[in-house]
Amino acid sequence: MSAGDWLTGSDAAFDRRRKLKGAVFAGACGAATLVGVVSLGVLLVDVIIDGIASLDWRFVTALPSRFPERAGIKVALAGSVWILVLTALISFPLSVAAAIYLEEYANRGWVSKTIQTNIANLAGVPSIVYGILGLALFVRGLGLGRSVLSGALTLSLLIMPVIIIAAQEAIRAVPPTIREAAYGLGATRWQVVSRQVLPMALPGILTGTILALSRAVGETAPLIMVGAVGFIAFTPEGPMSPFTVLPLQIYQWVSRPQDEFRAIAAAGIIVLLLLLLSMNAVAIVLRNRYSSKT
Amino acid sequence: MKRFSSLPIPVATALLAFGACGGDAGGDGTSLAGAVQIDGSSTVFPIAEAVAEEFQIANPDVRVTVGVSGSGGGFERFCNGETDLSNASRPIRESEVEECHAAGVEFTELSVAWDGLSVIVNPANDFTQCLSVEELRRIWAPDGGVSTWSDVRTEWPDEEIRLYGPGTDSGTFDYFTETILGESGASRPDFQASEDDNILVQGVSGDRYSLGYFGYAYYAENQDRLKLLEIDGGAGCVAPSDDTIEDGTYAPLARPLFVYVKHSALQRPEVRAYVDFMLSEAAMLVPATGYHALSEAQYQEGLAMIAEAVSGTD
């Protein structure tokens, strides 16, 4: 009531100030958005200028070489795709299952609270720590060696907290009325989860998964720990094969003394960006398909 | 994508390359298969990469991998029995030797190349031509009392000296501190450190009163942006060059680069062939990597050591 009093009684200057504050805030938020967009734009333009001349089909299909004009990205690209696919296959089902359990089945006792806190904390652990864990657990403990599988398992551990949290948010966003209606019609918990909750939550889960996988694809440090190598002239033949990945190959090239390597490093970055973009495209297609189903 | 890797292997090429590698490895004439696992120093990596690339072309069925875990990380794996060869930009430490022995890993140390550490300043620095080892020690020691150029020599400008050097994990840092300061790792902490030598190049080239050190290859590629200093090791000022590094007059900052070979791995024909290939081709492959080749006699000596190691473990 009193608010109405001083509003009607306010003079024009006060009203202007009030609106100005709003405009300033909107402008500040817009500028904050621009920081991200502009720096991405500058980065992209810079990389494309440096790398586009070196980027051709030969570069994509050639083996690594110490001669920049002969060097290609084939082995690293294949390694990254292998890692990506295996990581997705391992982390997605595990994370979604964990999220479903925590949201739909677990009692809200101290056990689930402890698990929840731990997952949130794990999402903030530096990636090199996962590398050390992967080295001790997968490479040496389970004897998987310095293989694609060890790398994928390590990265799965790294991104699972992120996927679990995203999946939980998505599942929580499904209106309780839907569940109640389904239960009311006599559906079992399994039927409610599999036919109502999951399909509705899937677009959100997929978005979280893609963001997490994009992080995995850019990781270098934990993969060096579990054995990604600097020089390898054959593509992975299976999950137990040695491997390298795009970011490591790019880093190798950037740190050379010769300028020519920086040009092909830029070309490698473009390939990495294209890989990320095509991953996002796949996610959008999947998401649209599932969204239209429900 | 698949096409290249599934090309049939021209066996004749493999055999030809074999004949050329000089050793008596794999004398039965069949093409080699198996894997050669290498890890270690990123300083030695360009050499390992050159050898691996050529060996891989000659022997497409052998799976050669070269890691970049660093000298120390490489030895850790080597003494754990995980790798066949370990690259290092410093000699193996006593503690690492003990680890190897404890795990039953016997090895031979091979020198494969020389690296000349270059001490560089900004091109705008027109007063410094040569530094003695003692001056370098005072600049880099924690208790050297040097904060300006005039602290080094009184006639030099009273400007703060800004230092750039490799990160503390690198073998280059170990070697420099050990040689100049007498103790590995004893450097003053207030310098710009980077594991990426290109960053050091940028730092020194953009900072008028700076001083830095790194591998000669990075100076060679950036000569127009840097000024190379001569070093007086007690016998007058010497600049690093192909000649002074190879004949040892650029002392004490010319250092050997090493490859350690596990004896038990030498029993596998593909590893034996790889090591022989490395020592016979190094003289040709090393110069293009920015490092300096040893003399032919030194490589022959390495080959003899390998032959001896093989017969010793038979």
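Residues numbered from 1 in each chain as written. Chains lettered and ligands numbered in written order. Predicted model: local features only at pLDDT ≥ 70, side-chain atom pairs only at ≥ 80, totals over all residues. Heavy atoms only, no water.

### What to know about the overall build of chain B
This is how it is decided: Strands here mean DSSP runs of E at least two residues long; helices mean DSSP runs of H or I at least four residues long; both are numbered from the N terminus. Relative accessibility under 20% of the residue-type maximum defines a buried residue, over 50% an exposed one, and the middle range a partly exposed one, all with a 1.4 Å probe and only protein chains included.
In terms of helices and strands, chain B carries 14 helices and 12 strands. Per-residue burial over chain B gives 55% buried out of 314 residues.

### So, the interface of chain A and chain B
Stated formally: We call two residues contacting when some pair of their heavy atoms lies within 4.5 Å. Summed over both partners, the accessible area (1.4 Å probe) lost when two parts come together is defined as the buried area. Pairs of N or O atoms are called polar contacts if they sit within 3.5 Å, as long as, within protein, a hydrogen donor faces a hydrogen acceptor (for residues adjacent in sequence, only side-chain-to-side-chain pairs). When residues are grouped by polarity, Ala, Val, Leu, Ile, Met, Phe, Trp, Tyr, Cys and Pro land in nonpolar, Asp, Glu, Lys and Arg in charged, and all others, Gly among them, in polar.
At the junction of the two partners, chain A supplies 26 residues and chain B supplies 28 residues. Counting the surface lost from both chain A and chain B, the interface buries some 2,700 Å², and carbon and sulfur atoms represent 52% of this. When residues of chain A are sorted by the area they lose upon contact with chain B, Arg66(A), Phe231(A) and Pro257(A) head the list and together hold 28% of the total. There are 15 residue pairs in polar contact (both at pLDDT 80 or more) connecting chain A and chain B. Every element with two or more residues in the side of chain A that touches chain B is listed here: β1 (231-232) and α11 (246-254) of chain A. It is α11(A) that provides the largest number of residues to the side of chain A that touches chain B, a total of 3 residues. For the side of chain A that touches chain B, the class distribution of residues is 13 nonpolar, 5 polar and 8 charged.

### So, the state of the cysteines
All names here are of chain B. Rules: In this description, the term disulfide denotes a pair of cysteine sulfurs within 2.5 Å.
Enumeration over the complete set of coordinates arrives at 2 disulfides over all chains. Paired by a disulfide, Cys79 and Cys100 hold their sulfur atoms 2.0 Å apart. The chirality of the disulfide connecting Cys79 with Cys100 is left-handed, given an S-S dihedral of about -75 degrees. With a gap of 21 residues between them, Cys79 in helix α4 (residues 70-79) and Cys100 in helix α5 (residues 94-102) connect regions that are remote in the sequence. There is no split in this pair, since Cys79 and Cys100 are both buried. Residue pairing for Cys130: its cysteine sulfur links by disulfide to Cys237, the two sulfurs lying 2.0 Å apart. Across the disulfide from Cys130 to Cys237, rotation about the S-S bond amounts to roughly -95 degrees, and the bridge is consequently left-handed.

### A few points about the packing of aromatic side chains
Where two aromatic rings form a pair, the distance of their centres and the angle of their planes describe that pair. Note the following rule: Note on aromatic contacts: the rings of Phe and Tyr and the six-membered ring of Trp form a pair at centre separations within 6.5 Å, being stacked when their planes are under 30 degrees apart, edge-to-face when over 60 apart, and tilted otherwise. Two conditions define a charge located above a ring, namely a distance within 6 Å from the ring centre to NZ of Lys or CZ of Arg, and an angle within 35 degrees of the ring normal.
In this structure the tally under the stated criterion is 17 aromatic pairs over all chains. Where Phe127(B) meets Trp156(B), the ring centres are 5.7 Å apart and the plane angle is 50 degrees; that geometry is what we call tilted. With a gap of 29 residues between them, Phe127(B) in the loop between β4 (107-121) and β5 (130-132) and Trp156(B) in the loop between α7 (149-152) and β6 (162-166) connect regions that are remote in the sequence. Across the pair, Trp156(B) and Phe127(B) agree in class, each one buried. What links up through ring pairs into an aromatic cluster is the set Phe75(B), Phe78(B), Phe107(B), Phe258(B) and Tyr260(B). Its end group placed over the ring of Phe261(A), Arg256(A) keeps NZ or CZ at 4.7 Å from the ring centre. The aromatic ring of Phe234(A) is capped on one face by Arg63(B), whose charged end is 4.2 Å from the ring centroid.

### What to know about the domain arrangement of chain A
All names here are of chain A. This is how it is decided: Annotation comment: domain bounds sourced from an automatic or database domain assignment. Criterion for a salt bridge: a side-chain nitrogen of Lys or Arg within 4 Å of a carboxyl oxygen of Asp or Glu.
We note that the domain assignment places domain 1 (2-54) and domain 2 (59-293) within chain A. Distance between the C-alpha centres of domain 1 and domain 2: 34 Å. Every contact between the two is made by 7 residues of domain 1 and, on the other side, 8 residues of domain 2. Regarding the contact of domain 1 and domain 2, the summed buried area is about 540 Å², with carbon and sulfur atoms giving 82% of it. It is Val47, Gly51 and Ser54 that lose the most area in domain 1 upon contact with domain 2, and together they represent 68% of the buried surface on that side. Linking domain 1 with domain 2 are 0 salt bridges. At the boundary of domain 1 and domain 2, one finds 0 residue pairs in polar contact (both at pLDDT 80 or more). When the residues that make up the side of domain 1 that touches domain 2 are grouped by side-chain class, the tally is 4 nonpolar, 2 polar and 1 charged.

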